[in-house]
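An overview of the molecular structure
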Amino acid sequence: MSWDVPCPRCSGTGKNTEPGAEELSVEELRLRRRAQQFVRSAPVAQKLADLKEEWEELRALATSKAADAEVIPFQEYIELREGDTVITRAHRTANTHPVCPDCKGKGKELTAEGKELLEFIKRWPPE
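In short, a report on the structure.

About the thresholds
Residues numbered from 1 in each chain as written. Predicted model: local features only at pLDDT ≥ 70, side-chain atom pairs only at ≥ 80, totals over all residues. Heavy atoms only, no water. Helix = DSSP H or I, 4+ residues; strand = E, 2+ residues; numbered from the N terminus. Contact = heavy atoms within 4.5 Å. Axes fitted to C-alpha atoms, helices over the stretch in contact; angles between N-to-C directions. Parallel < 35°, antiparallel > 145°, perpendicular 65-115°, else oblique. Left-handed = near helix turned anticlockwise from the far one by under 90°. Nonpolar A, V, L, I, M, F, W, Y, C, P; charged D, E, K, R; others polar. Core = buried A, V, L, I, M, F, W, Y, C linked by side-chain atoms within 4.5 Å. Buried < 20%, exposed > 50% of the residue type's maximum accessible area, 1.4 Å probe, protein only. Salt bridge = Lys/Arg side-chain N within 4 Å of Asp/Glu carboxyl O. Phe/Tyr/Trp six-rings, centres within 6.5 Å; stacked < 30°, edge-to-face > 60°. Lys NZ or Arg CZ within 6 Å of the ring centre and 35° of its normal. Expected span 1.5 Å × (residues − 1).

Note on placement: His91 falls in helix 4 (residues 86–95). Sequence-distant contacts of His91, that is, excluding residues within four places in its chain, are made with Val39, Leu48, Phe74, Gln75 and Ile78.

Now the structure itself:
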């Protein structure tokens, strides 16, 4: 019995990767698009690819040494490695997504059984 399933809109990520005018202002959308174009430009994309390769090697090394190793996200890694540069700010802007409006950032939605269970829990204990 499954009580929840991945959200069909965000595929379980909890993030809206294609926000529209209803989630972001016109200026935020314009800034996001410019950041995405900048991040995709050849020299910047190459720099980010090199950093990503470095981060993946370090992540693999950390997880091979200890199964419970905590690995920082890629965005934090490039901010530590490169500092506050145009590239790190553009990457953050291009890859920071608002929460999914359907699942409200949870990445899951309840099945019929899950909704029944939730209603039961809300009514518990019986009076």
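The next subject is the packing of helix 1 (residues 26–40) against helix 4. Closest axis-to-axis distance for the helix 1/helix 4 pair is 8 Å, and the angle between their directions is 125°. With respect to helix 4, the axis of helix 1 lies oblique. Helix 1 and helix 4 meet at a crossing whose hand is left-handed. For the pair helix 1 and helix 4, contact is made by Leu31, Arg32, Ala35, Gln36, Phe38 and Val39 and by Val86, Ile87, Ala90, His91, Thr93 and Ala94, respectively. Partitioning the contact of helix 1 with helix 4 into residue classes produces eight nonpolar, three polar and one charged.

Counting 11 residues, the largest nonpolar core consists of Ala35, Val39, Val44, Leu48, Leu51, Trp55, Phe74, Tyr77, Ile78, Ala90 and Ala94. Those elements that place two or more of their residues in this core are helix 1, helix 2 (42–65), helix 3 (74–82) and helix 4. For this core, the leading source of residues is helix 2, giving four residues. Once residues lying within four places of it in the same chain are set aside, the contact partners of Val39 are Val44, Ala45, Leu48, Ala90, His91 and Ala94.

This next bit is on the pattern of salt bridges. Under the defined criterion, the tally for this structure stands at eight salt bridges. Arg30 is the partner of Glu27 in a salt bridge, and the nearest nitrogen-oxygen pair spans 2.8 Å. Taken together, the residues Glu27 and Arg30, both in helix 1 and three residues apart, mark about one turn of the helix. As a salt-bridge pair, Glu27 and Arg34 come within 3.6 Å of each other at their nearest N and O atoms.

By the definition in use, this model includes one aromatic pair. One cation-aromatic arrangement involves Lys52 over Phe74; the distance from NZ or CZ to the ring centre is 4.8 Å.

With 24 residues, helix 2 extends 35 Å from end C-alpha to end C-alpha; this agrees with the ideal 34 Å at 1.5 Å per step. Along helix 2, the residues classified as buried are Val44, Leu48, Leu51 and Trp55. The secondary structure elements touched by the buried residues of helix 2 are helix 1, helix 3 and helix 4.

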